[in-house]
Every structure is written in C-alpha cells, then in structure tokens.
Amino acid sequence: MKRLLIVIAFLIVFLLIALPFIGIAVGAFEQGAGPFWKALVRPEALHAMYLSLLIVVIVTALNAIVGVYLSLELVRGTWIARRIKPVVNALIDLPFAVSPVIAGLMIILLFGPDSLVGAFFEGHGAKIVYAVPGMVIATLFITFPLMVREVVPLLQEIGEQSEEASKTLGAGAWRTFFQITWPSIRWGVVYGLVLTIARSLGEFGSILVVSGNILGKTQTATTLVYEDAENFDLVAANSVAFVLGVISIAILLCLEWMKKRKEAHMHAH
Amino acid sequence: MHIEARNLNKSFGSFHAVRDVSFQVEKGRLVGLLGPSGGGKTSILRLLSGLERPDSGDLFFDGKLATPLSVQERSIGFVFQNYALFKHMTVFDNIAYGLKVKKKPKAFIRERVSYLVELMGLAGHERKYPQQLSGGQRQRVAFARALAPEPQLLLLDEPFAAIDAKIRKELRLWLRNLIDEFKVTTIFVTHDQDEAIEVADEIIIVQQGKVEQQGTPWEIYTSPASPFVASFIGESNVLAKPVELRGFPELADHQANGEWLPGVSVLIRPEAIEVRPADTTYLATAGEPGRVTRTHFRGDSWYLEIDTGKLQLFAYQSTKERPFQPGDEVNILIHQMALFTPGQSRMLENRAKEDPLPIFI
C-alpha cells in the first residue's frame, strides 16, 4: 500500500510537473538549436522579454519598499487603530483570493480611459491601461501579499524590545531600522523578493487583460507564448516558454539555497 | 539627575494603567518601584523613559520640563526584563552601540567598552554573541550597554526576574555596588519585596496604577501608610473580626456590633509577637494565653500557628530556643500592631507592658 502511494506520488510529480517541462524542452529544440535561437531573437520576442524584465524590476523594487514599510506599520504602527488592523490584514490577502483576470478587470474599470482617474492621467499624457503603468499595477497587486506575508511573522517573532533598546541608546528611527531591525528580517525580505520575481515573471491573466497584448508594445514574455501558441507557431512558443521555465527553476533553486543558508545562519551562533 | 513626575496618567484602551502618579527622586538615589504584577510599575518606567507618552501630566528632569523630549533625547539607560540584546552583534558591539550612535571617537569607544567589560567581569567574552552567554552574563551585557553612554537616569525593568533565585540574591549586592560606583539616579521595577528592601534607598509602592506610599524601606516597613502596604511588605496577621486584646484598649473605639467600623483594619506583624511558655514570669499579664496548633520548620526559624481561642495567629520562634510542640500552652506577648482608619494609620503599642500594677516579689 505504502509502495503504491509512493509510486502514485512520483507518477503525479512526473506527469504534472516534469513531463510538461520536458515537452517544452523537446518542442523548443525540435528543429535544432537554430530555430530555437531564431525564435528568441525575433524583435517581438526580444521586446517581450525586455518588457517582462522591466516589469519584474519595477514591481520587485516597489514591493520590497512598500511591503517592508507596510509590514512595519502593521506590526509596530500605533496610528492604525487596533480595530482596523485585522481589516487591513485581510485586505492584504485579497490578491490571493481574487482571480488575476478579475484583478486586471478591476484595474481597467478603475484606470481605464472611460474612468475618472484614467481620463485625468490620459489628459496629462500618461496612459495607464494598455500601457506599462497598468501592467505594473496589475503585477504589483498580484504579488503584494508575498512580501508582507514573509516579513510580518518575522517582525512579530523578534518583538519590539531590541528596537526600543536601540532608541533608549539614542538611535533614531533610520539607524534603528538598518542596524537592528534589518539584520533580523533580511532573509525574510530576500525570500519575499525571490517569490515576487518568480510570480511577476510568470504573471499572465491580469497582464493579458490590462495590457491589451499589443505586439511590440505591451506584450510580455508570457503573453507572447500565448500568442505564438494561438498562431500554431509551436517552436517559438516552446522556445520562449523554455527560457521562462529555466529562469523559474533557477530562481527556485536559488530559494532552496537561501533557505539552507538561513537555517545555517540561525544555528550558527 | 533629579526626577519629578506630576500627575501622570496613561491608559491603554479602556485599561487605566497609571493614575495620577506623582513622585520625586533625588539625584543619585536608587529607587525601587514595588507592587504586585500588573499594577502599572512597568508603565511608569516606560513613561519615564519616553517609550510611552503620558495622556496627561508632566515629567521634570533637573527641574526642566522633560515631557516633550523623545526617548533619544532623554539620556537614559534602560535594562529590559529579558535584556533585549542585539542578537546579531557581539558583546563588544552591543556595548559600543550607544557610543557609536553618539559618534564618539573609535579609541574612546574601545577604552570605554574595555573598562565596562572588565568591570562587569565579561573579559574574554567580547567576541561572543548573546546566544553564547549564560543568563547572568547576558544581564551584565545589558547593564554595560545601558551604562556605556553615561546616562543621567538608569531604568531597570525587573532586572533579576530571569535569574535563578540563588544568584539573584548575590546580584542585589552587586547592583548596589554598581550604582554606588556610577552614582547615577536609578529607578528599578520589582515585585520582590526582599529585593526592594535590600537594594533600594527608597521604595515607591505602586498598586492599581497609583502610588500608595513613598519612603525608605525602614519607613515603609515600620509605618506603612495603608493596609495594602502593610500586607504587601513583610508578613501580617490580619484581624478579620474585632477582639479584645490585653494592652490594646483603643481597639474598642473602632468597632460596632462585632464588626470593625468601615475602613478600619488591624494588622499584626509576626515579628511583633513574642511566644513564651505559659508559665513565663516576664510581663505575664500583658500577654494572651494560647495554644500552639502547628509548627513548621523554616530553616532559620520555626513558624508557629497559635490559637488563642479568640483568634488564630502565626509567629516565628528562633531555632536557638527550645522548640514548642503542637499542643503546648503558650503565652503570647503582642508588642505592637498597626491600626488603619480612614485617612490615618497608627502603630499601637502594648500598654500593658508598662504594667500599671507592678508586682513586687
């Protein structure tokens, strides 16, 4: 019985995870390295990958700063009333519960050219929806909980007293954060960043809705794969997908390595 | 630094933690904030430190208004109950932190830290991390860290709470000597009356957010201002019902129909009770007859439970004397008792001891 379960488990892992990736790899190199490479250096592919990278960088940077700040305020802040905190806490998890497509739709309704906010920005020459800002907002929405959910438990665990001790010794808020708080939450932030990168690189649903998928303009790597597949250009689709897959695996390996590092760090003293 | 608190109030939500607290502390004194757990001692300490802001009331440091000053500007040292050492820093860096914040020259920092390390008996541990130290060593690091920037006011939150009972007693003397050496005004919080009595120049008794009494340990022990203080400091026999006791005629004025008048309480310290054999000749008529019901060995004394028929009392007997046995008839001489009436507290002396009718043998 036990053996059977093990076999089933491995079979599922193989069928659901390993096999598709092998399929993509085979598909990408079906006609050799030449077409694979050609598919990647298409101008639209290069632009899509550049755009994906841009969104990942912006979203990760914003998420790091805003996420850490919000975590600090949620745990330490006194200005958020006690009764409101659980509400904010629940709101942060909303992106986990809401389908990305709906998230994209919300952004269109909120910032679209027909909306008040959208019209205001458009009037000042800044497009949000069907442009990069909207895509960044959508990705930020999707990835937002990742950082907060990593950092908040850490902050709760380390408690406030070290920070208070730092203040009684004359240190200001910035010094206290960088010298006392930061070393304790560093690995949690790094972990959150890695998750954010992986998630924003792979984001599809909300991006598809918000970007309008305009070739060479708002097309990201994931929506390009979608379009290539739609056009039955399977080699091209597989090639880009393969690159995305490899990056994701690299990121996850990096995460594993950091987890070990974190544990080693915790047991070092 | 001379400290004055004036009508401090602080609430956390609907919990009124500090109520109209006022007190003064002379420069260089070692003062204990003593009271039961949850009585607001730590809140008062945190108000002094600036980690909490009072809802109303003011603080004066050396006569100058200190209420608006931030924690950083108050030049205080704070030792937390669980020390709150910086885990990722070595002992050296922990102690040096406050000096680095003050941008002291490197050479000065090294000198000051090595002086403190030496003084605290931490030599050889400078490169260790807090996790590698014992509880007592961590505590000394916390003291050194708080003292390094030469604070004007040292605040200690239950400094010995996390230490074994045996070492705790040794540390009291150590703390006393340390404060004498640094001559810094120190306020410490404790719920341990022995600790407060032994270490402090002055004790402030805090209960339910209010200051019950401030005074030297001697004053507080010998003339408690309220029944709470009397029962909290030292041990007491509480007279629940009025009884007639030889030598204390005043008690009759404070009762009606077999009950004390409202707000009256009477306490007798066990050390004010002298237990003698029933056939004693010394001031026999000033004593009450009674019988020993139980005895307990306390190491340095015998704890006796005595029934006089009118009331049950406990008292101590020196181990040097012949120990009483349960059932022994005894004569107990109550030397004094504390009488609390609304707005007043008095020590009643046994009048029968003066023996108005001396018997000549």
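Keep in mind it's a predicted model, so treat the numbers as computed, not measured.

So, how was this worked out
Residues numbered from 1 in each chain as written. Chains lettered and ligands numbered in written order. Predicted model: local features only at pLDDT ≥ 70, side-chain atom pairs only at ≥ 80, totals over all residues. Helix = DSSP H or I, 4+ residues; strand = E, 2+ residues; numbered from the N terminus. Buried ≥ 20, exposed ≤ 12 C-beta atoms within 10 Å, placed from the backbone. Contact = placed C-beta atoms within 7 Å. Pairing = 2+ DSSP bridges. Axes fitted to C-alpha atoms, helices over the stretch in contact; angles between N-to-C directions. Nonpolar A, V, L, I, M, F, W, Y, C, P; charged D, E, K, R; others polar. Expected span 1.5 Å × (residues − 1). Arc of directions from axis to C-beta. Parallel < 35°, antiparallel > 145°, perpendicular 65-115°, else oblique. Left-handed = near helix turned anticlockwise from the far one by under 90°. pLDDT = per-residue confidence, 0-100.

**Some points on the overall build of chain B**
And then number 1: Assigned secondary structure in chain B consists of eight helices and 21 strands.
And then number 2: Across the 361 residues in chain B, those meeting the buried criterion constitute 39%.
And then number 3: Within chain B, counting contacts between residues at least 6 apart in sequence, those at least 24 apart form 66% of the total.

**Quick notes on the sheet that holds strand β15 (residues 273–277) of chain B**
Residue and element names in this part refer to chain B.
And then number 1: The strand order across the open sheet formed by five strands is β15-β19-β16-β17-β18, and the pairing between neighbours is antiparallel. Two strands bound the open sheet, and with one partner strand each, they are β15 and β18 (312–318). Strand-to-strand twist in this sheet, taken as the mean axis angle between neighbours without regard to direction, amounts to 45 degrees.
And then number 2: As paired elements, β15 and strand β19 (residues 329–334) share five bridges and run antiparallel to each other. When the sheet's bridge partners are listed, arginine 276 is paired in β19 with asparagine 331.

**Side note on the interface of chain B and chain A**
And then number 1: Taken together, the 20 residues of chain B in the interface contact 14 residues of chain A.
And then number 2: Contributing elements (two or more residues each) for the side of chain B that touches chain A: β6 (76–79) and α2 (91–101) of chain B.
And then number 3: When its residues are assigned to classes, the side of chain B that touches chain A shows eleven nonpolar, eight polar and one charged.

**A few points about the environment of glutamate 202 of chain B**
Residue and element names in this part refer to chain B.
And then number 1: By the element assignment, glutamate 202 lies in strand β9 (residues 202–207).
And then number 2: Along the primary structure glutamate 202 and arginine 29 are separated by 173 residues, whereas in three dimensions their C-alpha atoms are 7.6 Å apart.
And then number 3: Apart from the residues within four sequence positions on either side, glutamate 202 is in contact with Arg29, Val31, Gln214, Gly215 and Thr216.

**Overview of helix α6 (residues 100–111) of chain A**
Residue and element names in this part refer to chain A.
And then number 1: With twelve residues, α6 extends 16 Å between its outermost C-alpha atoms, agreeing within 8% with the 16 Å of an ideal straight helix rising 1.5 Å per residue.
And then number 2: The set of residues buried in α6 consists of Pro100, Ala103, Gly104, Ile107, Ile108 and Phe111. The buried residues of α6 occupy one face: seen down the axis, they fall within an arc of 140 degrees.
And then number 3: Considering only its buried residues, α6 is in contact with α5 (94–97), α7 (116–123), α8 (132–158) and α11 (205–211).

**Notes on the packing of α8 of chain A against helix α10 (residues 173–202) of chain A**
All names here are of chain A.
And then number 1: Interaxial distance between α8 and α10 falls to 9 Å at its minimum, and their mutual angle equals 165 degrees. In terms of axis orientation, α8 runs roughly antiparallel to α10. Taken as a pair, α8 and α10 cross one another with a handedness that is right-handed. For the pair α8 and α10, contact is made by Thr139, Ile142, Thr143, Leu146, Met147, Glu150, Val151, Leu154, Leu155 and Ile158 and by Ser184, Ile185, Gly188, Val189, Tyr191, Gly192, Leu195, Thr196, Arg199 and Ser200, respectively.
And then number 2: Of the residues assigned to the contact of α8 with α10, the class counts are eleven nonpolar, seven polar and two charged.

**Comments concerning the environment of arginine 140 of chain B**
Residue and element names in this part refer to chain B.
And then number 1: Note that arginine 140 resides in helix α4 (residues 135–147).
And then number 2: For the pair arginine 140 and methionine 120, spaced 20 residues apart in sequence, the C-alpha to C-alpha distance is 6.1 Å.
And then number 3: With residues up to four places along the chain from it excluded, the contact list for arginine 140 reads Met120, Gly121 and Leu122.

**Description of the confidence of the model for chain A**
And then number 1: A residue-level look at chain A finds 96% of positions with pLDDT of 70 or above and a mean pLDDT of 88.
And then number 2: Mean pLDDT across the elements of chain A ranges from a minimum in α7 of chain A, with 82, to a maximum in helix α9 (residues 161–168) of chain A, with 93.

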